[in-house]
Amino acid sequence: MKWLRQGRAVAERLERLLLSLLLLALAGLALLQIVQRNLLGSGFVWSDELLRLLVLWLCLAGAMRASRHGSHIRMDLLARWLPPVGQRVVVRLVQAVTALVCLVLAWHGGRFVRLEAEFASQVLGGWPAWWFQSIVPLAFAVMAWRAVLLMLWPQQAETFEGSADALPLPADRTGEGAP
Amino acid sequence: MTWLVPLALVLLTLLGMPLFAVIGAAALWAFHLAGVDLAVVLIEFYRIAEMPVLLAIPLFTLAGYLLSESGAPARLVALSQALLGWLPAGLALVALAASAFFTAFTGASGVTIVALGALLYPALRQDGYDESYSLGLVTTSGSLGLLFAPSLPLILYAIVVQQLNIAPAVSVEALFRAGILPGLLMLALLGGWSVWRERHRRPPLPFDAARLRRALRAALWELPLPLVVLGGIYSGCFAVSEAAAVTLAYVFVVEVLVLREIPLRRLADICERALVLVGGILLILGLSLASTTALIDGGVPERLFTLVQSQVDSRLGFLLLLNLFLLLLGALLDIFSALVLVVPLILPVALGYGVDPVHLGIIFLANMQIGYLTPPVGMNLFIASYRFKRPVVALYRASWPFLLLLLLSLLLITYVPLLSLGLL
C-alpha cells in the first residue's frame, strides 16, 4: 500500500500545480487578449482557440480534483437519513457505478481521440488536435480510478453529514471544510 | 431492461450518485438504444471547447473566491452599516444589501452564508434581533443576489439557450439587464417587511458622517469594482468574458498585491477550491450537451409540448404550472444541473406559449433561488444548519416568512413580464 500512498501524494502535488498553472495561463491570456484587442486592434489569430482549449482543460482538471474526495455535485436525498454503516454501503455502490460510467466514457473518449488522430485534425494553426484532446479520456480514466479507490475506502469520501462538505467552504474559517 | 436502467439511475441519483455520472450514463444509454456510436457522447462533450463565453465562468468564480477570502466582506458590511445603519431595522437592510451584492459576485454556491453569515449573524443577535429572524435572514441571503450581474447562473442560462439554437439569440448582457428589477423587487419586499417588523425598535446608531468616511476610506480599493464590472458590461464596453478577466485582475491586484490580505502561498489552495466548483459545473454542462442531443433526437421536447398543450390552454396556466414544477425541481436539484438539464426541455414549450426566453430565464432562476430555501432539502437550509450548528428543523421554522415573501415576488415576476423585459 506504500507505493499507492506515495504515488498519490505525487499525483496530488502535480495536480495542484497543473490547476494553478492552467488558471494562471487562462487569466494571463484573457488579459493579454484584451490589451491586444484594444491597443493593437487585433489579437493572435489563435488566442481565442487556445483560451477555449484551456477552458476544456480546466474543466477536466477541476473535475478530476473533485473526484478525489467524491465532492462532485450530487443529490443526497435518501442517503442523508441513513445510519453511518448504511451510508458507507451506499458510497460503495454509488462509486462502483460511477467508476463504470467513467470507464465507458474514457473508453469511447479514447476512440474519439484516435479517430481525430486518423483524420489528422489540427488546432492552433498546425498542431495535432489529438494532443489537446487526449485530456478527455485521461480525465475520465482518472475519475474512474478515484471512484474505485472511494469504493474500496469509502471513509475517504466526504460524508453526507451536512452536504456543505461537498461545497468548497473557506477551510480556515470553518476549520472543517474540504481538505 | 429499457425501463430498468432509467429507474436504477433515478434511485442512484437519490442515493447520491454524482450528477455528472447520472447524466453521462443516461446519455450513453439513450444513444445505445438509438443504435448510435457511443463516441458521440464525447464528441458532444468536446463542444465545451467551442464556447467562448464559458471563459467567464472560471474567471468570475476565482475572483469571487479571492474576494470571500479577503477582508472585503467585513469592509462591505462596515460600509453598508455606515450607509444604512441609522435606518429602522438598519442592520437587517445591511445584511440584505451586502448579501445580494456578494452573492452576485460569488454565485449562489453557499459561499455567502459562510463568508458573510459569519459576520452578520453575530451582529444581528448582538443588536437584539431574535434568533429565528437572524437565522432566517442569513439563510435567505445565501441565494439572494442570484439575479444580479455577474452571477454565474445568469451566464449559464444564456449559454444553454444559445446552444439550443431554437430561440432568438439571448445574450448574457440581456439577462444581466433583465435581472435588475426582479432582483430589486425581492430586496424591496424583504427589506420592507424587515422594517415593518422592527418598526418599534429605535435605530441603534445615529447617522455618523465620520464613520461613513472611515468606512469609505477602508473600502476605497474595492469601491471601483462594481463600477468596472457592471459599468463595463452594461455600457457595452466589455464583453462578458473580458469583464471577467478584468474583474479577476483587479481583485488579484487589490487583495493580493496592494492590501496583501491573501498570502501568495494560499493562492494555490484557493485556485484549487474554485476549480473544483468550476470543474464540477462544466463537466455537468458538457455531458448534458450529449444528453440534450439524445432527448432532441428522440423528439422528447415535441412530445412534451403536445402533452402540455393538451392539458393547459392559457399562457398564465402554463406559467403557474411551470412555477410549481420549478419550485419542486429547485428544492431537489442544484441550480446548475437544473439549468442544463431542464431548460432544453421547457424552452420549446415556453416558446410555444409565447413566453419570452429572457423572461423565462428570470422566472427559472427566481424559482431556483426559492428552491434553495424550500424544505425539506433546500441547500441553504443545510449549509446554514452546518455553519450555525442548528438543527435543520429550526431553520425550516426560521426561514418560512422569507420563503413566503420570495414566493410573492415570484408571482409578480411571473405575471408581470415587464419587470424582466422593461430594461432590455
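Computed from a prediction, not measured in an experiment: that's the story for all the values here. Every chain's residues receive numbers from 1 upward, in the order its sequence appears when written. Each chain takes a letter, starting from A, and each ligand takes a number, starting from 1, following the order in which they are written. Local features are withheld for residues below a pLDDT of 70 in this predicted model, meaning they are given only at 70 or higher, and side-chain atom pairs are given and counted only at 80 or more; totals for whole chains, interfaces and linings count all residues. By convention in this description, side-chain values take in all heavy atoms of the structure and omit both hydrogens and water.

Draft legend 1. Layout of the overall build of chain A. In DSSP terms, a helix is any run of H or I states spanning at least four residues, a strand is any run of E spanning at least two, and both are numbered starting from the N terminus. Per the secondary structure count, chain A includes 6 helices and 2 strands. Along chain A, from the amino end to the carboxyl end, the secondary structure elements read α-α-α-β-β-α-α-α. With a 1.4 Å probe rolled over the protein chains alone, any residue whose accessible area is under 20% of its type maximum counts as buried; one over 50% counts as exposed, and the rest are partly exposed. Relative to its 179 residues, chain A shows a buried fraction of 49%. Two residues qualify as a contact provided that any one of their heavy atoms is within 4.5 Å of a heavy atom in the partner residue. Taking all contacts inside chain A whose residues are at least 6 apart in sequence as the whole, residues at least 24 apart take part in 71%.

Draft legend 2. Representation of a nonpolar patch on the surface in the model. Residue and element names in this part refer to chain B. Residues with no salt bridge and a relative accessible area higher than 30% make up the patches, which join like charges within 9 Å and nonpolar side chains (Val, Leu, Ile, Met, Phe, Trp, Tyr) within 5 Å. Residue-level accessible areas treat just the shown protein chains as cover; the underlying method is Shrake-Rupley with a 1.4 Å probe. A pair is scored as a salt bridge if a Lys or Arg side-chain nitrogen falls within 4 Å of a carboxyl oxygen belonging to Asp or Glu. On the surface, L216, L220, W221, L223, V253, L257 and V258 cluster together to form a nonpolar patch covering roughly 580 Å² of accessible area. It is helix α15 (residues 240–258) that provides the largest number of residues to the nonpolar patch, a total of 3 residues. Here L220 lies in the loop between α13 (209–218) and α14 (224–234). Since its relative accessible area comes to 52%, L220 is described here as exposed.

Draft legend 3. Representation of the confidence of the model for chain A in the model. Residues and elements named next belong to chain A. On a range of 0 to 100, pLDDT expresses the predictor's confidence in each residue. Looking at chain A, pLDDT values average 82 and 84% of them are 70 or higher. Across chain A, the element-wise mean pLDDT spans from 34 in helix α6 (residues 171–174) up to 95 in helix α5 (residues 135–152). In the predicted structure, residues 159–179 sits below a pLDDT of 50 and forms 56 contacts with residues beyond four places in sequence or in another chain.

Draft legend 4. Expanded view of the interface of chain A and chain B. Across the boundary between the two partners, chain A contributes 64 residues, which contact 70 residues of chain B. Buried area: the accessible surface (1.4 Å probe) lost by two parts on joining, summed over both. At the boundary of chain A with chain B, total buried surface from both sides reaches about 6300 Å², with 76% on carbon and sulfur atoms. Where chain A packs against chain B, one counts 4 salt bridges. R111 of chain A is the partner of D37 of chain B in a salt bridge, and the nearest nitrogen-oxygen pair spans 2.6 Å.

Draft legend 5. Representation of the pattern of salt bridges within the structure. Counting across every chain of the model gives 19 salt bridges over all chains. The residue R68 of chain A makes a salt bridge to E12 of chain A at a minimum N-O spacing of 3.5 Å. With R68 of chain A in the loop between α2 (47–67) and α3 (84–119) and E12 of chain A in helix α1 (residues 2–40), this residue pair connects regions lying 56 residues apart in the sequence. You can call R68 of chain A buried: its relative accessible area is 8%. Classification of E12 of chain A by relative accessible area gives partly exposed; the value is 24%. R75 of chain B is paired through a salt bridge with E261 of chain B; the nearest N and O atoms lie 2.7 Å apart. Of the two residues, R75 of chain B is situated in helix α5 (residues 72–84) and E261 of chain B in the loop between α15 and α16 (264–297); the sequence distance between them amounts to 186 residues. Overall, E261 of chain B belongs to the partly exposed group, its relative accessible area being 30%. Salt bridges here are not isolated pairs; linked through shared partners, they connect R8, E12, E15, R16, R65, R68 and R146 of chain A together with E272 of chain B.

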